[in-house]
Amino acid sequence: MAGLVARDGATTPTSAMEGLKKKAAARSWILLDSTGEETILDVDKYAIMHRVQIHARDLRILDPLLSYPSTILGREQAIVLNLEHIKAIITSEEVLLRDPFDDNVIPIVEELRRRLQPMATQQGEGRENLSGLHDLEVPDEDESPFEFRALEVALEAICSFLDARTTELETAAYPALDELTSKISSRNLDRVRKLKSAMTRLTARVQKVRDELEQLLDDDDDMADLYLSRKLAGASSPVSGSVATIWGPGSPTIGSKISRASKASAATLHGNENDVEELEMLLEAYFMQIDGTLNKLTTLREYIDDTEDYINIQLDNHRNQLIQLELFLSSATVALSIYALVAGIFGMNIPYSWNNNHGYVFRLVVIISGIASALLFVAIIVYARQKGLVGS
């Protein structure tokens, strides 16, 4: 049977079967909701579309077989998130994360479990950790909506991931560039070429994430579309002055820094649909972080360009030295050709009257020809120096 290898009456999967298993695992999703429960889903795209109420074109963005740029889309009931290896759908009460068994996605799942656990669980853990420490103040509860806490985890993960890749590239690139400046060899040139290619690809990935965040920050309507809980509350309660929902605790990082701003914006949950201060602060923080990563790559690119300029200057200098050497050799050849001409003339089989009993003539011709050749060589070099063809 094709694709299977028989062994002692049994069948074992080949590499083709392992590839099918990997593809099946890539179609799986993990669902984490606001109650702290998580479920592994292995369903088709139609079930996902029906569950989160999105179109097929939005779900196509999350297809790992297709190459789509980094995207954060706000829909009526969901946020479609495509950031490198993070492909997720966020609603006001749950997070659907694609390919949860990928090595790069597993840490994100763990962080989502920690950040999105119910308020009662976190408060109980906080009381246990703070028991006996009456002089410590309990940190303010984060009132950020569920979708913002999930979005923060994704943004923090992708920014940290890209920053780590940038640090690894810097660690490998700077020593390689310094080694290349000290010794130009094929091995060092090939090493730097590979590092430059990796830097170009990484810069493009970072630039895509930065552009998406910048586009969101520049458009208040796009940011307002990400307020899923506000839209849900507005749909369920038409009265603008209703009591705002109290959200669960969130991230101890940037989310906790904006908790005070979220308290103020909670009062305007129904009153001002254009108030995007809370989300703007969240996106601004990670925009600055990803912009810092891009600045690191820009600095590395400038260092590579400076190294290339230095290498080109060295190569030009070596090329000029070779040209000067060629000029010296050509001048010596021209000078010696005069000496060879004289020797050729006197080497002819022609009888001369002064050739008999005049041995001093041979020595005189040799000396005069040598002096004339040397003077011609010096004259050529002096002329070249005056014209700036060779260094002083």
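Please read these numbers as outputs of a predicted model, since none were measured by experiment. (Residues numbered from 1 in each chain as written. Predicted model: local features only at pLDDT ≥ 70, side-chain atom pairs only at ≥ 80, totals over all residues. Heavy atoms only, no water.)

**So, the nonpolar core**
Argument step 1. Counting 58 residues, the largest nonpolar core has Ile72, Leu81, Leu97, Leu112 and Leu279 as the members making the most contacts within it.
Argument step 2. Top contributing element to this core by residue count: helix α6 (residues 146–182), with 16 residues.
Argument step 3. Formed by 13 residues, the second largest nonpolar core is a distinct cluster that contains Ile48, Met49, Ile89 and Leu96. (Core = buried A, V, L, I, M, F, W, Y, C linked by side-chain atoms within 4.5 Å. Buried < 20%, exposed > 50% of the residue type's maximum accessible area, 1.4 Å probe, protein only. Helix = DSSP H or I, 4+ residues; strand = E, 2+ residues; numbered from the N terminus.)

**Notes on the pairing of strand β3 (residues 29–33)**
Argument step 1. Burial within β3 is extensive, with 5 of its 5 residues counted as buried.
Argument step 2. Residues Trp29, Leu31 and Asp33 point to one face of β3 and Ile30 and Leu32 to the other, with burial holding for every one of them.
Argument step 3. Relative to strand β4 (residues 38–41), β3 runs antiparallel, the two being bridged by 4 bridges. Paired with Ile30 across the strands is Ile40, a residue of β4. (Pairing = 2+ DSSP bridges.)

**What about the packing of aromatic side chains?**
The relative placement of two aromatic rings is captured by the distance of their centres and the angle of their planes.
Argument step 1. The tally for this structure, following the rule as stated, stands at 2 aromatic pairs.
Argument step 2. Both rings, one in Phe148 and one in Tyr227, keep their centres 4.7 Å apart while their planes meet at 80°; by these two values the pair is edge-to-face. Of this pair, Phe148 sits in helix α6 while Tyr227 sits in the loop between α8 (220–225) and α9 (228–236), and the two are 79 residues apart along the sequence.
Argument step 3. Since its relative accessible area comes to 4%, Tyr227 is described here as buried.
Argument step 4. Judged by centre distance (5.0 Å) and plane angle (70°), the rings of Tyr174 and Tyr303 are edge-to-face. With Tyr174 in helix α6 and Tyr303 in helix α12 (residues 277–346), this residue pair connects regions lying 129 residues apart in the sequence.
Argument step 5. The ring of Phe161 carries the charged tip of Arg165 above its face, separated from the ring centre by 4.6 Å. (Phe/Tyr/Trp six-rings, centres within 6.5 Å; stacked < 30°, edge-to-face > 60°. Lys NZ or Arg CZ within 6 Å of the ring centre and 35° of its normal.)

Purely spatial values, then, with no claim about function.
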